[in-house]
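Analysis of the macromolecular model
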Amino acid sequence: MSQGNYFEDFSLGQKIRHAVPRTVHHGDISLYIALTGERRAHFSSGEFAKGIGQRGVVVPDLLTFHIVFGKTVPDISFNAVANLGYADVQFLAPVYPGDTLRSETEVVGLRQTSSGKSGIVYVKSVGINQREEVVLSFYRWVLVNKKRLDVEVPTLVPELPSVAKVANAGYDFSKFESLQWATASGRRLADYSEGQRIVHGEGMTLEESDHMLATRLYQNTAKVHFDAHQMKDSRFGKRLVYGGHVISLAHSLAYRGLENAMVMGAWNGGSHANPTFAGDTLYALSEVVETQELSDRVGALRLKLYAIKNRVPDRSLVVKPSGKFDPSVVLELDYWSLIPR
Amino acid sequence: MSQGNYFEDFSLGQKIRHAVPRTVHHGDISLYIALTGERRAHFSSGEFAKGIGQRGVVVPDLLTFHIVFGKTVPDISFNAVANLGYADVQFLAPVYPGDTLRSETEVVGLRQTSSGKSGIVYVKSVGINQREEVVLSFYRWVLVNKKRLDVEVPTLVPELPSVAKVANAGYDFSKFESLQWATASGRRLADYSEGQRIVHGEGMTLEESDHMLATRLYQNTAKVHFDAHQMKDSRFGKRLVYGGHVISLAHSLAYRGLENAMVMGAWNGGSHANPTFAGDTLYALSEVVETQELSDRVGALRLKLYAIKNRVPDRSLVVKPSGKFDPSVVLELDYWSLIPR
Amino acid sequence: MSQGNYFEDFSLGQKIRHAVPRTVHHGDISLYIALTGERRAHFSSGEFAKGIGQRGVVVPDLLTFHIVFGKTVPDISFNAVANLGYADVQFLAPVYPGDTLRSETEVVGLRQTSSGKSGIVYVKSVGINQREEVVLSFYRWVLVNKKRLDVEVPTLVPELPSVAKVANAGYDFSKFESLQWATASGRRLADYSEGQRIVHGEGMTLEESDHMLATRLYQNTAKVHFDAHQMKDSRFGKRLVYGGHVISLAHSLAYRGLENAMVMGAWNGGSHANPTFAGDTLYALSEVVETQELSDRVGALRLKLYAIKNRVPDRSLVVKPSGKFDPSVVLELDYWSLIPR
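Reading the values: the criteria
- Residues numbered from 1 in each chain as written.
- Chains lettered and ligands numbered in written order.
- Predicted model: local features only at pLDDT ≥ 70, side-chain atom pairs only at ≥ 80, totals over all residues.
- Heavy atoms only, no water.
- Helix = DSSP H or I, 4+ residues; strand = E, 2+ residues; numbered from the N terminus.
- Buried < 20%, exposed > 50% of the residue type's maximum accessible area, 1.4 Å probe, protein only.
- Areas by Shrake-Rupley, 256 points an atom, 1.4 Å probe, with all protein chains shown as cover.
- Lys, Arg positive; Asp, Glu negative; His and termini not counted.
- Charge placed at Lys NZ, Arg CZ, Asp CG, Glu CD.
- Least-squares fit on C-alpha atoms with pLDDT ≥ 70 in both.
- Contact = heavy atoms within 4.5 Å.
- Buried area = accessible area lost by both parts, 1.4 Å probe.
- Salt bridge = Lys/Arg side-chain N within 4 Å of Asp/Glu carboxyl O.
- Polar contact = N/O pair within 3.5 Å; in protein donor to acceptor, adjacent residues only side chain to side chain.
- Phe/Tyr/Trp six-rings, centres within 6.5 Å; stacked < 30°, edge-to-face > 60°.
- Lys NZ or Arg CZ within 6 Å of the ring centre and 35° of its normal.
- Core = buried A, V, L, I, M, F, W, Y, C linked by side-chain atoms within 4.5 Å.
- pLDDT = per-residue confidence, 0-100.
- Expected span 1.5 Å × (residues − 1).
- Pairing = 2+ DSSP bridges.
- Axes fitted to C-alpha atoms, helices over the stretch in contact; angles between N-to-C directions.
- Parallel < 35°, antiparallel > 145°, perpendicular 65-115°, else oblique.
- Nonpolar A, V, L, I, M, F, W, Y, C, P; charged D, E, K, R; others polar.
- Left-handed = near helix turned anticlockwise from the far one by under 90°.

For the rest of this paragraph, the subject is the overall build of chain A. Helix and strand counts for chain A stand at 7 helices and 11 strands. Taken along its principal axes, the extent of the C-alpha atoms in chain A is 65 × 45 × 35 Å. Considering chain A as a whole, with its 341 residues, one finds that 65% of them fall into the buried category. By element, 47% of the accessible surface of chain A is carried by carbon and sulfur atoms, the whole surface being about 11300 Å². The average position of the 38 basic charges and that of the 36 acidic charges among the side chains of chain A differ by 3 Å.

As a further point, take the relation of the copies chain B and chain C. Least-squares fitting of chain B to chain C yields an RMSD of 0.0 Å, with the transformation described by 0.0 Å of translation along the axis and a rotation of 120°. In the structure described here, the two chain copies are related by an operation that fits a three-fold rotation axis. Taking C-alpha positions as reference, the residue of chain B nearest the rotation axis is G27 of chain B, located at 2.2 Å.

Moving on, we get to the interface of chain B and chain C. Where interface size is quoted, it is often the accessible area lost as the parts come together. In this assembly, 42 residues from chain B lie in contact with 33 residues from chain C. Summing both sides of the interface, chain B and chain C together bury roughly 3000 Å²; the carbon and sulfur share of this comes to 58%. Taken as a group, A34, W181 and R256 of chain B account for 21% of the area that chain B buries against chain C, more than any other trio of residues on that side. If you look at where chain B meets chain C, you find 2 salt bridges. Linking E207 of chain B and R239 of chain C is a salt bridge whose minimum nitrogen-to-oxygen distance equals 2.9 Å. Run the count over chain B and chain C and you get 17 residue pairs in polar contact (both at pLDDT 80 or more). Of all the elements in the fold, those that place two or more residues in the side of chain B that touches chain C are helix 1 (26–36), helix 2 (41–44), helix 3 (46–51), strand 7 (197–205), helix 5 (208–217) and strand 9 (281–293) of chain B.

With that settled, consider the packing of aromatic side chains. We describe a pair of aromatic rings using the distance from one ring centre to the other and the angle between the two ring planes. One pass over the structure, following the stated rule, counts 39 aromatic pairs over all chains. When the centroid spacing of 4.5 Å and the interplanar angle of 40° are considered together, the rings of F65 of chain A and W267 of chain A count as tilted. One end of the pair, F65 of chain A, is in helix 4 (residues 61–76); the other, W267 of chain A, is in strand 8 (residues 263–271), and 202 residues separate them in sequence. Owing to a relative accessible area of 0%, W267 of chain A belongs among the buried residues under this scheme. Both rings, one in F173 of chain C and one in F176 of chain C, keep their centres 6.3 Å apart while their planes meet at 70°; by these two values the pair is edge-to-face. Judged on exposure class, the residue F173 of chain C and its partner F176 of chain C are both buried. By way of ring pairs, the aromatic residues F65, F69, Y86, F91, F138, Y218, Y242 and W267 of chain A are connected into one cluster. Directly above the aromatic system of F277 of chain C lies the positively charged group of K238 of chain C, at a separation of 4.3 Å from the ring centroid.

Right, let's get into unusual backbone geometry. Residues and elements named next belong to chain A. Here the residue pair A19 and V20 is connected by a cis peptide bond, since its omega of -5° sits within 30 degrees of zero. As for its position among the elements, V20 is in the loop between strand 1 (15–17) and strand 2 (22–23). Positive phi is not limited to glycine here, since D88 has a value of about 50°. Residue position: D88 is located in strand 3 (residues 80–91).

This paragraph deals with the interface of chain A and chain C. Contacts between the two partners involve 33 residues from chain A, matched on the other side by 41 residues from chain C. The contact between chain A and chain C buries some 3000 Å² in all, and 59% of this surface belongs to carbon and sulfur atoms. At the boundary of chain A with chain C, the tally comes to 2 salt bridges. R216 of chain A is the partner of D210 of chain C in a salt bridge, and the nearest nitrogen-oxygen pair spans 3.6 Å. At the surface where chain A touches chain C, the tally comes to 17 residue pairs in polar contact (both at pLDDT 80 or more).

Of all hydrophobic cores here, the largest spans 180 residues; its most connected members are F65 and W267 of chain A, F65 and W267 of chain B together with F65 and W267 of chain C. Among residues more than four places away in sequence, those in contact with W267 of chain B are L62, F65, Y86, A87, D88, V89, F91, A164, I247, L333, D334 and Y335 of chain B.

What follows concerns the confidence of the model for chain A. Averaged over every residue, the pLDDT of chain A is 96; residues scoring 70 or more account for 99%. Scored as a complex, the prediction yields pTM 0.97 and ipTM 0.96.

This part takes up helix 4 (residues 61–76) of chain B. The terminal C-alpha atoms of helix 4 of chain B, which comprises 16 residues, lie 22 Å apart, in line with the 22 Å expected from a rise of 1.5 Å per residue. Burial of helix 4 of chain B is extensive: 14 of the 16 residues sit out of reach of the surface.

For the match of chain A to chain C, the screw axis carries a shift of 0.0 Å, the RMSD comes to 0.0 Å, and the turn is 120°. By residue overlap, the copies meet through two different surfaces: only 12% of the interface positions of chain A are interface positions in chain C.

Let's shift gears to the pairing of strand 7 (residues 263–271) of chain C. Residue and element names in this part refer to chain C. Here strand 7 lies mainly inside the structure; 8 of its 9 residues are buried. Relative to strand 7, strand 2 (residues 80–91) is paired through 4 bridges, and the arrangement is antiparallel. Each bridged residue has a counterpart across the sheet, and for A87 the counterpart in strand 7 is G269. Note that strand 7 and strand 10 (residues 329–340) share 7 bridges and pair antiparallel. Counterpart to M264 in the pairing with strand 10 is S337.

Residues and elements named next belong to chain C. Taken together, 10 strands build an open sheet; the order of strands is 1-3-4-5-2-7-10-9-8-6 and the sheet is antiparallel. The open sheet has two edge strands, strand 1 (15–23) and strand 6 (197–205), and neither has a second partner. Direction aside, neighbouring strands of the sheet carry axes that sit 25° apart on average. Across 11 bridges, strand 9 (residues 298–309) lies against strand 10 in antiparallel orientation. By the bridge assignment, K304 is partnered in strand 10 with D334. Docked against the sheet, helix 4 (residues 61–76) engages strand 1, strand 2, strand 3 (100–112), strand 4 (118–128), strand 5 (134–145) and strand 7, running at close to 40° with respect to strand 5.

Summed over all chains, the structure comprises 69 salt bridges over all chains. For R17 of chain C, the salt bridge is made with E104 of chain C, and the minimal N-O distance between the two is 3.9 Å. Of this pair, R17 of chain C sits in strand 1 while E104 of chain C sits in strand 3; the two residues are 87 residues apart in sequence, bridging distant segments of the chain. For R17 of chain C, a relative accessible area of 42% corresponds to the partly exposed category. For E104 of chain C, a relative accessible area of 28% gives the class partly exposed. Notably, a salt bridge pairs R297 of chain C with E177 of chain C, separated by 3.4 Å at the nearest N-O pair. You can see R297 of chain C sitting in the loop between strand 8 (281–293) and strand 9 and its partner E177 of chain C sitting in the loop between strand 5 and strand 6, a full 120 residues away along the chain. Given the relative accessible area of 48%, E177 of chain C is considered partly exposed. Here the residues in one salt-bridge network are R17, R102, E104 and E132 of chain A, joined through shared partners.

Okay, the environment of H200 of chain A next. Residue and element names in this part refer to chain A. Considering the arrangement of structural elements, one finds H200 in strand 7 (residues 197–205). According to the relative accessible area criterion, H200 is buried, its value standing at 0%. Spatially, the C-alpha atoms of H200 and R256 are 5.7 Å apart, while their sequence positions differ by 56 residues. In this structure, H200 is in contact with L253, A254, R256, L258, A284, L285 and S286, ignoring residues within four places of it in sequence. At 2.7 Å, the side chain of H200 and the side chain of S286 are in polar contact.

For any two helices packed against each other, the geometry comes down to the angle between their axes and how far apart the axes lie. Residues and elements named next belong to chain B. At their nearest, the axes of helix 1 and helix 4 sit 11 Å apart, and the two run at 105° to each other. Classified by the angle between their axes, helix 1 and helix 4 sit roughly perpendicular to one another. Residues D28, I29 and Y32 of helix 1 touch helix 4, and the partners they reach there are L62, L63 and H66. Residue composition of the contact of helix 1 with helix 4, grouped by class: 4 nonpolar, 1 polar and 1 charged.

A few words on the packing of helix 1 of chain B against helix 1 (residues 26–36) of chain C. Here helix 1 of chain B crosses helix 1 of chain C at 55°, and the two axes come no closer than 7 Å. Regarding the angle of helix 1 of chain B to helix 1 of chain C, the classification is oblique. Helix 1 of chain B and helix 1 of chain C meet at a crossing whose hand is right-handed. In this structure, helix 1 of chain B contributes G27, S30, L31 and A34 of chain B to the contact, and helix 1 of chain C contributes G27, D28 and L31 of chain C. Among the residues forming the contact of helix 1 of chain B with helix 1 of chain C, the class breakdown is 3 nonpolar, 3 polar and 1 charged.

Printed below as a string of structure tokens:
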């Protein structure tokens, strides 16, 4: 039986078409709402979504991300020690209930670690719908163990953009005046300013059941999330929460104050700064990095989203007190959000 | 960031249109079934629902209630200390998968407590579908903290009906003979008599994951249900189960013996008699208060539904042994149910 | 209130039409995926399902089984001490989202145990869709307590086939070449050989919330799964996981290595060898018993599926070290799977 790929199994330029395609349905969105508390209006209301130029309820961008990502796990990160980072994550087209998603990956970089026992695999993955449209594209790099220590792997570290291009994938905010009651906020691009910090004021405690339900929904099979028996002997002694679920929870907790920053445009980068476990309570803190005008009615807000555990954050939180992430910081996500102007 | 309204922020006659509208889908019903064990036949089978005059599977009345209620939380009860009661809750029209619900509220009463540190807010809330039909209407009153103790709030305590009007919102039981195999019971209005008590015989233990999944599904954001970290310092030292989930569990546990009392018509009143926590096991006990003939084929059964925790109830249970609810009683719900005659 | 049937309440030839019919929706499949991690391609992708001759996404065979089974519980096994076995379980037609299922049972055997305090009830149950097609048919036998010890029950032990007939219920694998990327495997019937053992390499830890969500989704009301308060005084002192959920988890964990053995054809027999509890971690081990050619393109693979708890199985595991199941073995399921030739 295939036990997944080890570092020496990857080669530069290698292309993988991942199993298993997945048709996304309304039921997946219901579950996503139940798992995260998501309440952005175009994921929740078909009427609202039509009001901003969509066909109906849109599949939450992060649900799409997790499904596309999950499919890459058995081939890319089944034996991963850590998911080190993301770059240039682009959300290129809305996904609707009924669409079928599949994933493809190309290996774009490889670098053995100094110990010689593991290596970093850099990949570009894409999510593709049943009309062969790329709906999502991202780079990530993971630390993967070697099995055969004697195998040499040539090194190539790719140059990845530190800021992703953000574009409007078909959102129309021209009727937003008449719809803004639905989001509980009239805030637009101009209401935010660089350096501003937003404390969102909600907290969510994570249970084992919650993160495992979420991770199985995405058909992500990484052992570290599911197998308490074997994780007893691991570094942390217990199951680890899928980092993507932390992103979803943080993004959902960041609703208040960013009600109209509804569309995920792109991620510039992201770090799972510290591990998250069942029992942890998460809070969200956002920082405005930059504002940009995309068109007459559409703006882009560049934000840093922090997930903080077991500590109610305030505006003055020092994320990296001594060059390293504070132990309470479990996520830093630098992303672009589309917002009405 | 808005931290929700405090007592002094409300004013008599104030009207609020709540965010975020929500399109209900089959997936929400699947989740509701998984969370509560609900098995009334018109929520479960489209064929059965058609047999009683519906377009197809009906959204469970209580799921509609929770969604409509959940939307009012950020504006009305985010800072509530307790949800004190309900009156005149009317279920006015069936909701179907695909319908989009929103909520509106009017403040109909205000009364400062004697301590001067909090006050009771009386509201009338309605749930409205995408055709602007009111599907649900209810009064509730909540105890809300004051933030600015020096602000005076004028008092008006509304007169609320102690018995709700119950009407038939479009159910046709004329073909019920041929359908009753589907409910496991042939009991009709005439099979019940005033004063009769029904012990339903099933129990359900609640987990943290269950009530949080349910409460997030309803997009209800009240802190007390989710944030174990901050709840450590609260009165109970832990998360509190959303009272509405207790109503749903009790109503679901009350299936056997009331199989054909399938449609929630109206609530006359309800009290969350004691708090419920994860780990508690709930049982249901029903008491027939009154029977009423609505039309040729449709009757109304007035019931008191009790949820009892950690104690298997029998018919002789004294709900209020000394004028106060017994600590094992967590819910008293006085409601009307439609049932074939 | 009916407290379910006791052994003396059953009679030979008795026929029961069970409440409550259930329309299956996409949302049920989403939940099934979230609860089990299921990823067989025709349950996951509508496009793939069409490629093998189906109308669209197929309802997972085991989800159908659990729903049909769950409906029989209130009448057959509400007072069961144990579910002793299954025989001749035939999956006769695919079920699609939107189909409505109901269950019927005939009592085909009765045998009082030597103690005189309980008896074994043998039933044949069928699942029927809204077009009156039988989609599932199975025998099972359960140990049920007597209430009135003085009542005599005549004995008849039915002869049940030890191997079920397996047929192709409409799957077309003629285009499988172009689809096999979607399953991550090109393995076909000829790639398996009798006696071969497959260690699937994934593990899943079970939480109370997970098995209760699953069991409620199937509207299965058996007390032992839900009522921790009363189970404190039972033999095990705690809730017992529904054996069907163990089958689903084991089957889902057995994906890798059996990616194309996608259709459940029939079960020859099955035993819940030992009980499973929340906190247990399950692993799967499969053994090839027999291979059979059904038609030009369709083969049948007879497998024994073992679920092992709290112990990582290897190929040499002795399932019955001394004639009895090893305590780590919780399931032995002997079944036929359809697979491309």
